Amino acid sequence: MTVMTQISDVLRQQDPQMADVLEGERLRQAGSLQLSAAENFTSPAVLAALGSPLANKYAEGYPGARHHGGCEYADLAERIAVERARALFGAEHANVQAHSGSSAVLAAYAALLRPGETVLAMGLPYGGHLTHGSPANFSGRWFDFVGYGVDESGLIDYHQVQDLARAHRPKAIVCGSISYPRHPEYSAFREIADEVGAYLIADAAHPIGLVAGGAAPSPVPYADIVCATTHKVLRGPRGGMILCGAEFAERIDRAVFPFTQGGAQMHTIAAKAVAFGEAAGSAFTSYAHRVVANARALADALAATGFAVTTGGTDTHLITADPAPLGLDGPTARGRLAAAGIVLDTCALPYGDQRGIRLGTAAVTTQGMGEAQMPRIAALFAAALRGEAAGTRAEVNELALAFPPYGAQ
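Let me sum up the structure you'll find in this document.

Digging into unusual backbone geometry
Residues Phe-257 and Pro-258 are joined by a peptide bond in cis, for which omega reads 15°. In this fold, Pro-258 is placed in helix α10 (residues 249-260). Residue Arg-169 is not a glycine yet carries a positive backbone phi of 45°. Tracing the sequence through the fold places Arg-169 in the loop between α7 (158-168) and β7 (172-175).

Written as structure tokens, this is what we have:
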């Protein structure tokens, strides 16, 4: 019997209602196209660590300095995770306790800033994250954010970044986005930060998996602090991490615990360690490059069907596109695609106030799909947006089931 083919007999016997929910989610993932740029399929080994006895362990503090007894194996798991992260990304220090990417960014701000200080980050209308100054988020309430944008081609306007930095003299500059499909010029951000005496924080939640696989440039040599997630392309458990130089290590650790978080989730940290180990192998390097090749092929195929692909393509795993040339807005397009079993997100577009769609190729690449399947996916997009949901749903199901994420279903 292969992994994920059925819900545990123990759960089925004890809580059949929840077993049905989890089985339904398994079937949903297996029978539809998972094209959310933030999602992926973890390995069976990562899932095993998540379901391990470390889920029972309280371990506030850090290895060798816990507030609870019985942490010998918790300490060992965290030390392995930290050392693997440091080696994988060439960082002097790694904190693997952050519960999420947002938690990692919060800790970075807590380590470097005081409430009311100015931060320069990508504006939300251009792809900035909620933690980059949204008034609905702690960042927008506690700090004074100034937003930079993109030029007419959709690329970061570095002259604007420099002008805004000179005018506002921010305490920190944030480089990162949830929907920018090109590689940031980290060296340019570093030069601007140095000119105005600002810290440079890289929010690399999306590209960090590509960085691990050598398919994207690394922010580690340039940024004071790098915040990231451990899922997405990195293919680990849902969680966060922080990379930094030795001079910021103590400040970052204190900002995570005890300032912004309590006890670490030790089963998740063990799963992170497993994912870091996988990402250090040659198979993951090949995977990361296939993710990018698939994204470029899919972007080209979508453009051929009539989508306006922002920046004219992608360098990463994600694609943003405007369905307006097809007579649709982003939410309507997402709804029609969802009805056909194609799962993705909406996003802000770098012009006007309309929303487009955001998608990524990390999950379908994990399933084994390649560039040959990308034109077919684009054709399914087109059929779904024409309102042919019923027939398209059957084709989507057929394609997805031909590439099961965990072997035969």
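We are not done yet, so read on.
Some remarks on the pattern of salt bridges
Note on pairing: side chains with opposite charge can pair once their charged atoms come close. A full pass over the atoms with the stated rule returns 16 salt bridges. The closest approach of N and O atoms between Arg-12 and Asp-20, which form a salt bridge, is 2.5 Å. Since its relative accessible area comes to 32%, Arg-12 is described here as partly exposed. A salt bridge links Asp-224 to Arg-190; its shortest N-O distance comes to 3.3 Å. With a gap of 34 residues between them, Asp-224 in the loop between α9 (208-212) and β9 (225-229) and Arg-190 in helix α8 (residues 186-196) connect regions that are remote in the sequence.

Comments concerning the sheet that holds β9
Note on sheets: strands pair through backbone hydrogen bonds, and any given pair is parallel or antiparallel. Reading across the sheet, the seven strands line up as β4-β10-β9-β8-β7-β5-β6 and stay open at both edges, with mixed pairing between neighbours. Bordering the open sheet on either side are β4 (93-95) and β6 (144-148), each of which pairs with just one other strand. Across the sheet, the axes of successive neighbouring strands diverge by a mean angle of 20°, strand direction being ignored. Bridge count between β7 and strand β8 (residues 199-203): four bridges; the pairing is parallel. Residue Ile-173 lies in a different strand from β8, and its bridge partner there is Leu-200. The strands touched by α7 are β5 (118-122), β6 and β7; relative to β6, the strand with the most contacts, the crossing angle is about 155°.

Topic: the packing of aromatic side chains
Within the structure shown, the criterion is met by eleven aromatic pairs. Pairing Tyr-158 with Phe-189 gives two aromatic rings, centres 5.5 Å apart and planes at 70°, and the pair type is edge-to-face. Of this pair, Tyr-158 sits in helix α7 while Phe-189 sits in helix α8, placing them 31 residues apart in sequence. Grouping residues by exposure puts Tyr-158 and Phe-189 together as buried. With centroids separated by 6.1 Å and ring planes inclined at 75°, the aromatic side chains of Phe-307 and Phe-381 adopt a geometry described as edge-to-face. In this pair, Phe-307 sits in the loop between α12 (282-305) and β11 (308-309) while Phe-381 sits in helix α15 (residues 374-385), placing the two residues 74 residues apart along the sequence. By the burial criterion, Phe-307 is buried, and Phe-381 matches it. Taken together, the aromatic side chains of Tyr-109, Phe-138, Trp-142, Phe-143 and Phe-145 make up a single cluster linked through ring pairs. We note Arg-235 situated over the ring of Tyr-287; from NZ or CZ to the ring centre the distance is 3.9 Å.

What counts, and at which threshold
- Residues numbered from 1 in each chain as written.
- Predicted model: local features only at pLDDT ≥ 70, side-chain atom pairs only at ≥ 80, totals over all residues.
- Heavy atoms only, no water.
- Helix = DSSP H or I, 4+ residues; strand = E, 2+ residues; numbered from the N terminus.
- Salt bridge = Lys/Arg side-chain N within 4 Å of Asp/Glu carboxyl O.
- Buried < 20%, exposed > 50% of the residue type's maximum accessible area, 1.4 Å probe, protein only.
- Pairing = 2+ DSSP bridges.
- Axes fitted to C-alpha atoms, helices over the stretch in contact; angles between N-to-C directions.
- Contact = heavy atoms within 4.5 Å.
- Phe/Tyr/Trp six-rings, centres within 6.5 Å; stacked < 30°, edge-to-face > 60°.
- Lys NZ or Arg CZ within 6 Å of the ring centre and 35° of its normal.

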